[in-house]
Amino acid sequence: DAMVIQNPRYQVTQFGKPVTLSCSQTLNHNVMYWYQQKSSQAPKLLFHYYDKDFNNEADTPDNFQSRRPNTSFCFLDIRSPGLGDAAMYLCATSRRTSGTLNEQFFGPGTRLTVL
Amino acid sequence: GIQVEQSPPDLILQEGANSTLRCNFSDSVNNLQWFHQNPWGQLINLFYIPSGTKQNGRLSATTVATERYSLLYISSSQTTDSGVYFCAVTTLKAAGNKLTFGGGTRVLVKP
């Protein structure tokens, strides 16, 4: 089945130690997103790629970076995790055609713990 | 930006009961999705419904775009329906591909 895959499902890191979360998709979608979700809150968009074009949300901290080496993969890099970065990180994909954004599909998420 | 409000914020149901969740949005939209977030945190797509009515088993949804609201109906609720239900929209006016989420409705179905 076509799907969005995230690895690892659980990640523990130390304060200030860089960490990378990965996302892959078999849907051949041209848009990939990273969301951050903290407890009892709605997901919050960090940034997205439309093909190779990177789009950062205005309030996304510089500590968060992303890479999309090809259509199938997208990475979230947290350069110096703080305690406030502990959250669920969700990857999503969609297909954008002729200016219309279609349905978004989410991966299972990576739950990040910062010690 | 667009505002998305969901009601009620919390809902407790007895197994077998029916319920209606509401999503109001403040501007025209070109995409509206309903999600169920399970206890493990995964967002499951329920409906992609920018307008009209759709049904999938015990769930159905209606979006009245001209009046800027959508409803999610759960019939004969089961304990597995517990979790958080999110409504999310994209707006015709905003640039980019951003889904704006409502605050969610937390549903607990008791056996």
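Here is a short report on the structure shown in this document. Computed from a predicted model, the values in this text were never measured in an experiment. (Residues numbered from 1 in each chain as written. Chains lettered and ligands numbered in written order. Predicted model: local features only at pLDDT ≥ 70, side-chain atom pairs only at ≥ 80, totals over all residues. Heavy atoms only, no water.)

### Quick word on the overall build of chain A
- Scanning chain A for helices and strands turns up 0 helices and 13 strands.
- Ordering the α and β elements of chain A from the N terminus gives β-β-β-β-β-β-β-β-β-β-β-β-β.
- Taken over the C-alpha trace, chain A has a radius of gyration of 14 Å; the compact-globule value for 115 residues is 13 Å, and the two agree within 12%.
- In terms of overall dimensions, chain A has a C-alpha envelope of 45 × 30 × 30 Å along the principal axes.
- Burial statistics for chain A: of 115 residues in total, 48% are counted as buried.
- Taking as baseline every contact in chain A between residues at least 6 positions apart, the subset at least 24 positions apart corresponds to 56%. (Helix = DSSP H or I, 4+ residues; strand = E, 2+ residues; numbered from the N terminus. Rg over C-alpha atoms; globule rule 2.2 N^0.38 Å. Buried < 20%, exposed > 50% of the residue type's maximum accessible area, 1.4 Å probe, protein only. Contact = heavy atoms within 4.5 Å.)

### Re the overall build of chain B
- Broken down by element type, chain B carries 0 helices and 11 strands.
- The order of helices and strands in chain B, counted from the N terminus, is β-β-β-β-β-β-β-β-β-β-β.
- For a compact globule of 111 residues, the expected C-alpha radius of gyration is about 13 Å, and chain B comes in at 14 Å, within 12% of that figure.
- In terms of overall dimensions, chain B has C-alpha extents of about 45 × 25 × 20 Å along its principal axes.
- In chain B, buried positions account for 50% of the 111 residues.
- Taking the contacts inside chain B whose residues are at least 6 apart along the sequence as the reference set, 56% of them involve residues at least 24 apart.
- Of the roughly 5200 Å² of accessible surface on chain B, 50% is carried by carbon and sulfur atoms. (Areas by Shrake-Rupley, 256 points an atom, 1.4 Å probe, with all protein chains shown as cover.)

### Focus on empty space enclosed by the protein
- Following the criterion strictly, the structure yields 1 cavity of 30 Å³ or more and no others.
- Considered as a void within the structure, the largest cavity measures approximately 40 Å³ in volume.
- Every residue lining the largest cavity is listed: Arg9, Tyr10, Met88, Pro108, Gly109 and Arg111 of chain A together with Trp40 of chain B.
- Here the residues of the lining of the largest cavity are counted per class, giving 4 nonpolar, 1 polar and 2 charged. (1 Å grid on protein atoms, 1.4 Å probe; cavity = no way out; pocket = protein on both sides within 12 Å on 5 of 7 lines; lining within 4 Å. Points joined across faces, edges and corners; volume = space filled by probe spheres on them. Nonpolar A, V, L, I, M, F, W, Y, C, P; charged D, E, K, R; others polar.)

### As for the interface of chain A and chain B
- In this complex, chain A contributes 24 residues to the contact, which on the side of chain B involves 18 residues.
- Interface area for chain A against chain B, summed over the two sides, is near 1800 Å², with a carbon-plus-sulfur share of 50%.
- Considering only the side of chain A, the residues that lose the most area to chain B are Leu101, Glu103 and Phe106 of chain A, jointly responsible for 29% of the buried surface there.
- Viewed at the interface, chain B and chain A are joined by 1 salt bridge.
- A salt bridge links Glu57 of chain A to Lys98 of chain B; its shortest N-O distance comes to 3.2 Å.
- Across the contact surface, chain A and chain B share 5 residue pairs in polar contact (both at pLDDT 80 or more).
- Put simply, the parts of the chain that give the side of chain A that touches chain B at least two residues each are β4 (31–37), β5 (44–50), β9 (87–94) and β12 (105–106) of chain A.
- If you tally residues by element for the side of chain A that touches chain B, the top one is β4 of chain A, at 4 residues.
- Of the residues contributing to the side of chain A that touches chain B, the split by class is 13 nonpolar, 7 polar and 4 charged. (Buried area = accessible area lost by both parts, 1.4 Å probe. Salt bridge = Lys/Arg side-chain N within 4 Å of Asp/Glu carboxyl O. Polar contact = N/O pair within 3.5 Å; in protein donor to acceptor, adjacent residues only side chain to side chain.)

### Here's the deal with the layout of surface pockets
- For the largest pocket, the calculated volume is near 440 Å³.
- If you trace the largest pocket, you find 23 residues lining it, with Gln37 and Ser40 of chain A together with Gln37, Val84 and Arg106 of chain B closest to the centre.
- Put simply, the parts of the chain that give the lining of the largest pocket at least two residues each are β9 and β13 (110–114) of chain A together with β9 (83–91) and β11 (105–110) of chain B.
- With 3 residues, the top contributor of residues to the lining of the largest pocket is β9 of chain B.
- Class assignment for the residues of the lining of the largest pocket results in 7 nonpolar, 12 polar and 4 charged.
- Here the second largest pocket defines a volume of roughly 190 Å³.
- Lining the second largest pocket are 10 residues, and of these Met3, Val4, Phe105 and Phe106 of chain A together with Gln42 of chain B sit closest to its centre.

### A word on the state of the cysteines
Residues and elements named next belong to chain A.
- By the definition in use, this model includes 2 disulfides over all chains.
- The disulfide partner of Cys23 is Cys91, and the gap between their sulfur atoms is 1.9 Å. In this structure the cystine formed by Cys23 and Cys91 twists about its S-S bond by roughly -75°; its chirality is therefore left-handed. Here Cys23, found in strand β3 (residues 19–25), pairs with Cys91, found in strand β9; they are 68 residues apart in sequence, far enough to count as distant. Both residues of the pair, Cys23 and Cys91, belong to the buried class.
- Cysteine Cys74 is unpaired, with the sulfur of Cys91 as its nearest cysteine sulfur at 6.1 Å. (Disulfide = S-S within 2.5 Å.)

Everything listed is a geometric property; what it means functionally is a separate question.
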